[in-house]
Amino acid sequence: DLSDRDFLTRTLALMGGDPMVQLAFSDSRTVTVDGTPQWATYKPYYATVEPGALARTEVFEAEDFVRRMLSVKNLILNVSSVVWRREALLRALDACQADLKTFRMAGDWRLYLEALALPGARIGYEAEPLNVHRRHAESVTHALKADLHVAEIDRCHGFARAAFALPRPAVETQEAYLAEVAKQLGATLPKVVPVGNAAPTARKAAGRKRK
């Protein structure tokens, strides 16, 4: 992965002196393994969650960002596009480290959700694709078993439901996305949890206690 020269300058500017901005990330463009330009931006993918999603640079209230976007799909598609506030990263790692050990594909998504669950948290986004993501023919995600892939998405959905008290339309969007991925991969859908009892699978597995 590569970065433009002003990647740090522009992402750090979004964090500024506001300690509640837990992390900031930029849009990415992709290249093939030999460096050939591939995708100029991830914005078409962002728009599958919400029309015009992440079209402009902005600092979001974390609750709004998660409910509208991150509760459905991991829109922070490349970890090298992220700059963390050190204290926020350490706090999130400490809170969910046991859970993270059981993830193979969606651990980054789980970590972002944990960091943004802090009351009053915010997140910065730079709309310019300042990060360069090198895509390999056989990625980690592609190599995973389909059922595991779907199960980890379900666990992240469950955490988002509990930590952010998602409204019914958001939960229905989660369910539709999970069914879509399962169909694409030929995977088995996890057991459906009623909306009124949407306790996250991950917390049950890890025995995590809210602080």
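These figures come from a predicted structure and were not determined experimentally.

How each quantity is defined
- Residues numbered from 1 in each chain as written.
- Predicted model: local features only at pLDDT ≥ 70, side-chain atom pairs only at ≥ 80, totals over all residues.
- Heavy atoms only, no water.
- Helix = DSSP H or I, 4+ residues; strand = E, 2+ residues; numbered from the N terminus.
- Expected span 1.5 Å × (residues − 1).
- Buried < 20%, exposed > 50% of the residue type's maximum accessible area, 1.4 Å probe, protein only.
- Arc of directions from axis to C-beta.
- Contact = heavy atoms within 4.5 Å.
- Salt bridge = Lys/Arg side-chain N within 4 Å of Asp/Glu carboxyl O.

> Which residues make up helix α8 (residues 168-185), and what are the values?
With 18 residues, α8 should cover 26 Å at 1.5 Å per step; its first-to-last C-alpha distance of 26 Å lies within 8% of that length. Where α8 is concerned, the buried positions are Ala170, Val171, Gln174, Tyr177, Leu178, Val181 and Ala182. Angular distribution of buried residues about the axis of α8 spans 135 degrees; they occupy a single face of the element. For α8, exposure combined with an orientation more than 90 degrees from the buried face picks out Arg168, Pro169, Lys183 and Gln184. The inward-facing, buried residues of α8 contact α2 (43-46), α3 (62-70) and α7 (146-164).

> Let's hear about the environment of Trp39: which residues, and what values?
Locating Trp39 in the fold gives a position in the loop between β2 (21-31) and α2. Overall, the relative accessible area of 39% leaves Trp39 in the partly exposed class. Separated by eleven residues in the primary sequence, Trp39 and Ser28 place their C-alpha atoms 8.7 Å from one another. Sequence-distant contacts of Trp39, defined by excluding residues within four places in its chain, comprise Arg29, Thr30 and Arg135.

> So what about the pattern of salt bridges? Which residues, and what values?
This structure, assessed with the given rule, holds 13 salt bridges. Across the salt bridge formed by Glu126 and Arg10, the nearest N and O atoms sit 3.2 Å from each other. Of this pair, Glu126 sits in strand β5 (residues 122-134) while Arg10 sits in helix α1 (residues 7-15), placing them 116 residues apart in sequence. What makes Glu126 buried here is its relative accessible area of 5%.

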